[in-house]
Amino acid sequence: MADMAISVEGAHKTYGGKKAKDVKKALDGLDLRVVRGTVHGVLGPNGAGKTTLVRVLATLLRPDSGRVEVAGYDVVTEARAVRFRIGLLGQHAALDEELGGRQNLEMFARLHHLGARHARVRADELLERFDLGDTGRKPVRAYSGGMRRRLDLAASLVTDPEILFLDEPTTGLDPRGRAEVWSAVRSLVGGGTTVLLTTQYLEEADQLAGRISVVDRGRVIADGTPDELKSRTGGDRIDVVLRDAGQLGAAVALLPVPESGVSVDVDRRLLSAPVTDRMTALSGVVRALEEAGIDAEDVALRRPTLDEVFLHLTGAGEVAA
Amino acid sequence: MSAYVLTDSWTMTRRELAHWARQPVQVVVSLVFPVMLLLMFGYLIGGGRAVEGAYVDYLVPGMLALTMAFGLEGTMLAVTQDLNKGVIDRFRSMPMADEAVLVGRSAADMLQSAIGLVVLIGVGLALGWRPQGGGGGFLGAVGLLLLFRFAMLWVGIQLALVAGRPEMVQAVQILVWPVGFLSNALATPAAMPGWLGAVVQWNPMSQTATAVRELFGGPGGEPGHVWAAVVWPLVLLAVFFPLAVRRFRGLGR
Ligand SMILES: Nc1ncnc2c1ncn2[C@@H]1O[C@H](COP(=O)(O)OP(=O)(O)OP(=O)(O)O)[C@@H](O)[C@H]1O
Ligand SMILES: [Mg+2]
């Protein structure tokens, strides 16, 4: 247990409403363990319970039941001890919009009891590091989305937290902003910080996270390393790119799977299907295309992307319900 | 209780002062509004009340008390707005003293009310109001007014925490006005129908207004009301202060 930064067992959280129809189970027996010093991705569709999980972990919301520990402390009974060790980047900016960037950071540093002089120094460091140095007295209200996100991230790092929660940190950022957040996260992990990151971008989880938990309807429906998840669902896939989009229909019938298993991308003239036996499938498809006189630009085997894993897992959840 | 209540409360007070510095117009408006009310009642409506002596000597202390009561609205609005801002999440996820957010609010509001009192007293004096109670009476009256404001402040915080959303504040605002006016702030209960006079007598605000009038040595003061003007606010505080702090700590339950 000692090496667990986060440990959640059977967490339940229901949002109120006196009438039964208003009751919403946001966490429904969620289990999660995050090893110290790692980046753990929490992946899930809208409404899966990601934000609820982060708010419970950050002591903002009390779980109805279950055991939730952060840095070895109970989030309900030892909330203060938890708060000393965490940083939070919520889904929505947690900044004083009327004040400027420096004022915000200084205020948070003071509230972390750094002392007036130290707080000023720390604010300067962070402004520098996140490229916010020349915003002057401009209130946060007038910041661009990317600047606000960077300031919010800076605010969550005022004391170099042991454990950092990032709730959809790059939603709404342009590619440059995203790359900046990613590199900040990587450098933190280099320094030993544990990061729990929620995201809807599979690429983000793939890039940053050592392990991923896929969450749907308040439970973890799959977890593992990105590679494990990819091989667990569907195994390898074959991609066929044709020269002529008009022949896509004919080519579908030649693949070694039922038609329903083939995904067709007309714009890219691409067919894609799961395969079980890699080499047999590859040679079989090439031969069949040749015999049918269909011209292929490319035929390749590949692992599934996380997108496919994600759709497979969460889609399956929908069918079952 | 955390060892950092004072430091953190001071940091939160500074936050409010920084807001003032960025919104000077808003601050001025909040100071001018009671002055407007005073002028309105003094010149437009005033004069015809059944009060012995100059109406201004009756009105000014009443307006001072009324202004303290209406401060409740400002506090409520500020707290509900704050609660609906993301920054509260950051405060609550940090190891700061929980109550500092509320204490900072109350310190800033008290400072604003004190400044408001100074302005209103100045305007009152310019209108010809002359307190007769001597320096001790004057200070005592100001003390009672601020005590009353402090009680209203925590009532406002608790109401804001219960209401939760800015829309709900409007409902309370509509209620504050009759409570404010159902007092002897502007008119003496003697001039009202019996049952109304009784309600007005019992209004905590009337207790403060009467006591303040006594201490200022003007008309409408009755001896023996000072204790009520001390006890009433303290009772309100004893009830609402712990309620508000508990409620704030319990957010997110
Ligand atoms: N304050 C609330 N009151 C009532 N229901 C809520 C509240 N907050 C969230 N919910 C509901 O709980 C469920 C989980 O919400 P949550 O915000 O945790 O999802 P999420 O995974 O963060 O979604 P998103 O990707 O859209 O941010 C949703 O069905 C949501 O509608
Ligand atoms: Mg969310």
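Residues numbered from 1 in each chain as written. Chains lettered and ligands numbered in written order. Predicted model: local features only at pLDDT ≥ 70, side-chain atom pairs only at ≥ 80, totals over all residues. Heavy atoms only, no water.

## Thoughts on the overall build of chain B
When helices and strands are tallied, chain B shows 10 helices and zero strands. Traced from its N-terminal end to its C-terminal end, chain B shows the element sequence α-α-α-α-α-α-α-α-α-α. On C-alpha atoms alone, chain B measures out to a radius of gyration of 19 Å, which is about the 18 Å that the 2.2 N^0.38 rule sets for 253 residues. Here the C-alpha coordinates of chain B stretch approximately 60 × 35 × 35 Å along the principal axes. (Helix = DSSP H or I, 4+ residues; strand = E, 2+ residues; numbered from the N terminus. Rg over C-alpha atoms; globule rule 2.2 N^0.38 Å.)

## Describing the coordination of the magnesium ion (ligand 2)
Residues and elements named next belong to chain A. Looking at the magnesium ion (ligand 2), one finds its protein donor set to be Thr51 (OG1) and Gln91 (OE1), positioned 1.8 to 2.1 Å from the metal centre. With Thr51 in helix H1 (residues 50–57) and Gln91 in the loop between strand S6 (86–89) and helix H3 (101–111), the pair connects residues that are 40 residues apart, well separated along the chain. Looking at Thr51, the relative accessible area reads 27%, which means it is partly exposed. (Donors = N, O, S within 2.8 Å, 3.2 Å for Na, K, Ca; no water. Buried < 20%, exposed > 50% of the residue type's maximum accessible area, 1.4 Å probe, protein only.)

## Notes on the interface of chain B and chain A
By convention, interface size is frequently given as the accessible area that disappears when the constituent parts associate. Tallying the contact residues gives 25 residues for chain B and 33 residues for chain A. Between chain B and chain A, roughly 2800 Å² of surface is buried when both sides are summed, and carbon and sulfur atoms account for 52% of that area. If you sort the residues of chain B by the area they bury against chain A, B:Arg22, B:Arg90 and B:Pro95 come out on top, with a joint share of 30%. Between B:Asp98 and A:Arg83 there is a salt bridge, with its nearest N and O atoms 3.4 Å apart. (Contact = heavy atoms within 4.5 Å. Buried area = accessible area lost by both parts, 1.4 Å probe. Salt bridge = Lys/Arg side-chain N within 4 Å of Asp/Glu carboxyl O.)

## A short note on the site of ligand 1
Residue and element names in this part refer to chain A. Around ligand 1, a shell composed of 14 residues is seen, among which Lys24, Gly47, Lys50, Thr51 and Thr52 lie nearest. Here an oxygen atom of ligand 1 sits 2.9 Å away from a polar atom, N or O, in the main chain of Gly49. In the environment of ligand 1, an oxygen atom lies 2.7 Å from a nitrogen or oxygen atom belonging to the side chain of Thr51. Protein burial of ligand 1: of its 630 Å² of free accessible surface, 64% is covered by the chains. Elements with a contribution of two residues or more to the shell around ligand 1: strand S2 (24–35) and H1. When residues in the shell around ligand 1 are grouped by element, the largest group, three residues, is from H1. (Near = heavy atom within 4 Å. Polar contact = N/O pair within 3.5 Å; in protein donor to acceptor, adjacent residues only side chain to side chain. Areas by Shrake-Rupley, 256 points an atom, 1.4 Å probe, with all protein chains shown as cover.)

## A look at the confidence of the model for chain B
Per-chain confidence: chain B averages 86 in pLDDT, with 95% of residues scoring 70 or above. Among the scores for the predicted complex, ipTM is 0.86 and pTM is 0.84. (pLDDT = per-residue confidence, 0-100.)

## With respect to the sheet that holds strand S13 (residues 270–274) of chain A
Residue and element names in this part refer to chain A. The strand order across the open sheet built from four strands is S12-S13-S11-S14, with neighbouring strands paired in antiparallel fashion. Of all the strands in the sheet, just strand S12 (263–265) and strand S14 (296–302) have a single pairing partner and so form its edges. Taken over all neighbouring pairs, the strand axes of this sheet differ in orientation by 15 degrees on average, direction set aside. Inspection of the sheet shows strand S11 (residues 237–242) paired to S14 by six bridges, in the antiparallel sense. Paired with Asp239 across the two strands is Ala300, which belongs to S14. (Pairing = 2+ DSSP bridges. Axes fitted to C-alpha atoms, helices over the stretch in contact; angles between N-to-C directions.)

## Considering the sheet that holds strand S1 (residues 4–15) of chain A
Residue and element names in this part refer to chain A. Pairing is antiparallel across the open sheet formed by four strands, whose spatial order is S2-S1-S4-S5. Both outer strands of the open sheet, S2 and strand S5 (73–74), are each paired with one neighbouring strand and no more. The pairing of strand S4 (residues 65–70) with S5 spans two bridges and is antiparallel. Following the sheet pairing, Val70 is matched in S5 by Tyr73. Here H1 sits on the sheet and contacts S1, S2 and S4; the angle it forms with S2, its principal contact strand, is near 60 degrees.

## Some points on empty space enclosed by the protein
Under the criterion given, the structure shown has four cavities of 30 Å³ or more. Computed from the structure, the largest cavity encloses a volume of approximately 70 Å³. Here the residues of the lining of the largest cavity sort into seven nonpolar, five polar and one charged. (1 Å grid on protein atoms, 1.4 Å probe; cavity = no way out; pocket = protein on both sides within 12 Å on 5 of 7 lines; lining within 4 Å. Points joined across faces, edges and corners; volume = space filled by probe spheres on them. Nonpolar A, V, L, I, M, F, W, Y, C, P; charged D, E, K, R; others polar.)

## Considerations on the layout of surface pockets
Residues and elements named next belong to chain B. If you add up the space inside the largest pocket, you get close to 1000 Å³. Taken together, 35 residues line the largest pocket, and the ones lying closest to its centre are Gln26, Ser30, Gly74, Thr75 and Gln112. Elements with a minimum of two residues in the lining of the largest pocket: helix H1 (5–22), helix H2 (24–45), helix H3 (55–83), helix H5 (100–126) and helix H7 (166–181). Sort the elements by how many residues they give to the lining of the largest pocket and H3 lands first, with 13 residues. Classifying every residue of the lining of the largest pocket gives 14 nonpolar, 13 polar and eight charged.

## Some points on the pattern of salt bridges
Tallied over the full model, the rule gives 33 salt bridges over all chains. Residue A:Asp216 pairs with A:Arg217 through a salt bridge whose shortest N-O separation is 3.7 Å. Assessed through its relative accessible area of 9%, A:Asp216 is described here as buried. Classification of A:Arg217 as partly exposed rests on a relative accessible area of 45%. The residue B:Glu16 makes a salt bridge to B:Arg105 at a minimum N-O spacing of 3.4 Å. Of this pair, B:Glu16 sits in helix H1 while B:Arg105 is found in helix H5, placing the two residues 89 residues apart along the sequence. Note on accessibility: B:Glu16 and B:Arg105 belong to one class, buried. Connected through salt bridges with shared partners, the residues A:Asp96, B:Arg15, B:Glu16, B:Asp82, B:Arg105, B:Asp109 and B:Arg149 form a single ionic network.

## Topic: the packing of H3(B) against helix H6 (residues 134–163) of chain B
All names here are of chain B. The contact between H3 and H6 brings their axes to 7 Å, and the two run at 30 degrees. As judged from the angle between their axes, H3 and H6 are roughly parallel. Here H3 and H6 pass one another in a crossing that is right-handed. Contacts from Leu64, Ala65, Met68, Ala69, Gly71, Leu72, Thr75, Met76, Val79, Thr80 and Leu83 in H3 reach Leu145, Phe148, Arg149, Met152, Leu153, Val155, Gly156, Ile157, Leu159, Ala160, Leu161 and Ala163 in H6. (Parallel < 35°, antiparallel > 145°, perpendicular 65-115°, else oblique. Left-handed = near helix turned anticlockwise from the far one by under 90°.)

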